[in-house]
Amino acid sequence: MKHIFPDYYNEFHCIADRCTITCCQEWKITVDDDTNRKWKKILPPDTISDKRKNLTAYTCKKDGARVIGLDQNHRCPFLSQDKLCHLVTSYGDSVLSETCTLFPREIHEFSTHTEASLMPCCPAVIDLWCEKNIEFPTVSSIVDHSSPMFLVRDNLIKLLQNSDLSIEEALFEGFYILLELYKNQPVTISQINEYFSKQTLFELHSALADINVPADDTFTECNELLQDLAVNYSKEGLYTGFLQPILTEAEKYPKGTFLPDKPDDRLTDSGTGSELSGIWNLFCDMITDHDIVFRNFLSNELFSDLIIPGSSSKIIEHMVMQYQWIIMEYTTIRQSLFLWCSIDPKNPLTYETVRNYIVIISRMTGYDDDDIRTYLENSFAKLIWDWGYAALIIGA
Ligand code: SF4
């Protein structure tokens, strides 16, 4: 069976004690049943001051899963002061749970092939995405059209990597096509080729360019999305250093205080609304410096999340659902960065800040399929959005 992965995959190395946002902190670290059985017979390493009867005694049940119980500073009890793992230094890698062994790798085994990629929840992964477009294997040629949805995914990735389109245009146009395919099931190869043909893409681009969503509406909706996603993390005191400043900033701006809609109005700089619109213009310039990271981040999310093993009967619905989640993830990262810039507009938007918020928001949105479904159904009354909602949060 073919084992395929993007070109950056083998370049990853955990930077351990040099990591700025270690995965051993402020996160749910699951312990699988096999590891737990093993851990019942293993004594804690001598280097740990909080001694318990075995390694299992450091775990607890959370949301139905066994996880490592974090200490009062939300750190893994096995994490040493110099950010190394006491378990690895005492017993070697083989003692680790499946999650700790695999992270940040994501592996999907299909009947035709196995796909591997890396998750954006790790700063060392983002560092691999800064310089050039990631090259993904063209999976549709490997599976030989046995599942047309791989061809859809290849085309969506290509669309995002097309630098003639802005990220927002590519995301929105991709969503529009995916929604059309969803409405016109069953999806066929000729239908896919037609939707992604040069001519159709050109016509779609011209038609969608006429849509104009008031920027104030986009700002308000993205603020609400961010606040909703962050509420539980804030309550638990997680990621406080990253979330607190931007959430405080978000609360300063109720609906109607953001951008004037006429382009000429954006040139004025008096009053809160115009002031914020000036910062928005500045922000739009600064964020384009990080275009390549965002395109790679989004393309990688499409590659790793749109198609997963076992989703075959409702595969197109799953793809639309995941695509929506990726749009939410991106718009929430963008909103976080904009709020961060509005705190002190004189601060440059550095790569490190961009990386921090990509890592934190992707950790916060790292839900499994069932949880994404429940979140979307509860928040939006129905699972699949109209294209208008995507236009609203992307900011068409
Ligand atoms: S987040 Fe990544 S680089 Fe940091 S400790 Fe975890 S695996 Fe290593």
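Owing to the predicted nature of the structure, the values given are computational and were not obtained by experimental measurement.

**Considering the overall build of the protein chain**
Phase 1 of the analysis: For the protein chain, the count of helices and strands is 17 helices and five strands.
Phase 2 of the analysis: For the protein chain, the C-alpha radius of gyration of 22 Å lies close to 21 Å, the compact-globule estimate for 396 residues.
Phase 3 of the analysis: Projected onto the principal axes, the alpha-carbon positions of the protein chain cover approximately 65 × 55 × 40 Å.
Phase 4 of the analysis: Across the 396 residues of the protein chain, 51% fall into the buried class.
Phase 5 of the analysis: Roughly 18700 Å² of accessible area belongs to the protein chain as shown, and the carbon and sulfur atoms make up 51% of that amount.
Phase 6 of the analysis: The positive charge centre, built from 34 side chains, and the negative charge centre, built from 58, are 8 Å apart in the protein chain.

**Observations concerning the nonpolar core**
For soluble globular proteins, the rule of thumb is that nonpolar side chains tend to be buried together.
Phase 1 of the analysis: Membership of the largest hydrophobic core comes to 110 residues, with the highest contact counts inside it found for Met328 and Trp385.
Phase 2 of the analysis: Per-element accounting of this core gives the leading share, 16 residues, to helix α14 (residues 315-343).
Phase 3 of the analysis: Aside from chain neighbours lying at most four places away, what touches Trp385 is Phe175, Leu179, Gln324, Ile327, Met328, Leu376, Phe380, Ala390 and Ile393.
Phase 4 of the analysis: Ranked by size, the runner-up nonpolar core spans 14 residues in total, among them Val31, Trp39, Ile42 and Leu87.

**Looking at the environment of Asn223**
Phase 1 of the analysis: Turning to its location among the elements, Asn223 is positioned in helix α10 (residues 215-235).
Phase 2 of the analysis: Considering only alpha carbons, one finds Asn223 and Thr35, 188 residues apart in sequence, at a separation of 41 Å.
Phase 3 of the analysis: Not counting chain neighbours up to four residues away, the residues in contact with Asn223 comprise Ala250, Tyr253, Gln335 and Leu339.

**What to know about the domain arrangement of the protein chain**
Phase 1 of the analysis: Segmenting the protein chain into domains produces domain 1 (24-102) and domain 2 (138-396).
Phase 2 of the analysis: Summarising the inter-unit geometry, the C-alpha centres of domain 1 and domain 2 are found 35 Å apart.
Phase 3 of the analysis: Tallying the contact residues gives five residues for domain 1 and six residues for domain 2.
Phase 4 of the analysis: Here domain 1 meets domain 2 over a buried area of about 520 Å², counting both sides, of which 45% is carbon and sulfur.
Phase 5 of the analysis: For the pair domain 1 and domain 2, the number of links is one salt bridge.
Phase 6 of the analysis: Its residues placed into classes, the side of domain 1 that touches domain 2 shows one nonpolar, two polar and two charged.

Parameters at a glance
- Residues numbered from 1 in each chain as written.
- Predicted model: local features only at pLDDT ≥ 70, side-chain atom pairs only at ≥ 80, totals over all residues.
- Heavy atoms only, no water.
- Helix = DSSP H or I, 4+ residues; strand = E, 2+ residues; numbered from the N terminus.
- Rg over C-alpha atoms; globule rule 2.2 N^0.38 Å.
- Buried < 20%, exposed > 50% of the residue type's maximum accessible area, 1.4 Å probe, protein only.
- Areas by Shrake-Rupley, 256 points an atom, 1.4 Å probe, with all protein chains shown as cover.
- Lys, Arg positive; Asp, Glu negative; His and termini not counted.
- Charge placed at Lys NZ, Arg CZ, Asp CG, Glu CD.
- Core = buried A, V, L, I, M, F, W, Y, C linked by side-chain atoms within 4.5 Å.
- Contact = heavy atoms within 4.5 Å.
- Domains from an automatic or database assignment.
- Buried area = accessible area lost by both parts, 1.4 Å probe.
- Salt bridge = Lys/Arg side-chain N within 4 Å of Asp/Glu carboxyl O.
- Nonpolar A, V, L, I, M, F, W, Y, C, P; charged D, E, K, R; others polar.

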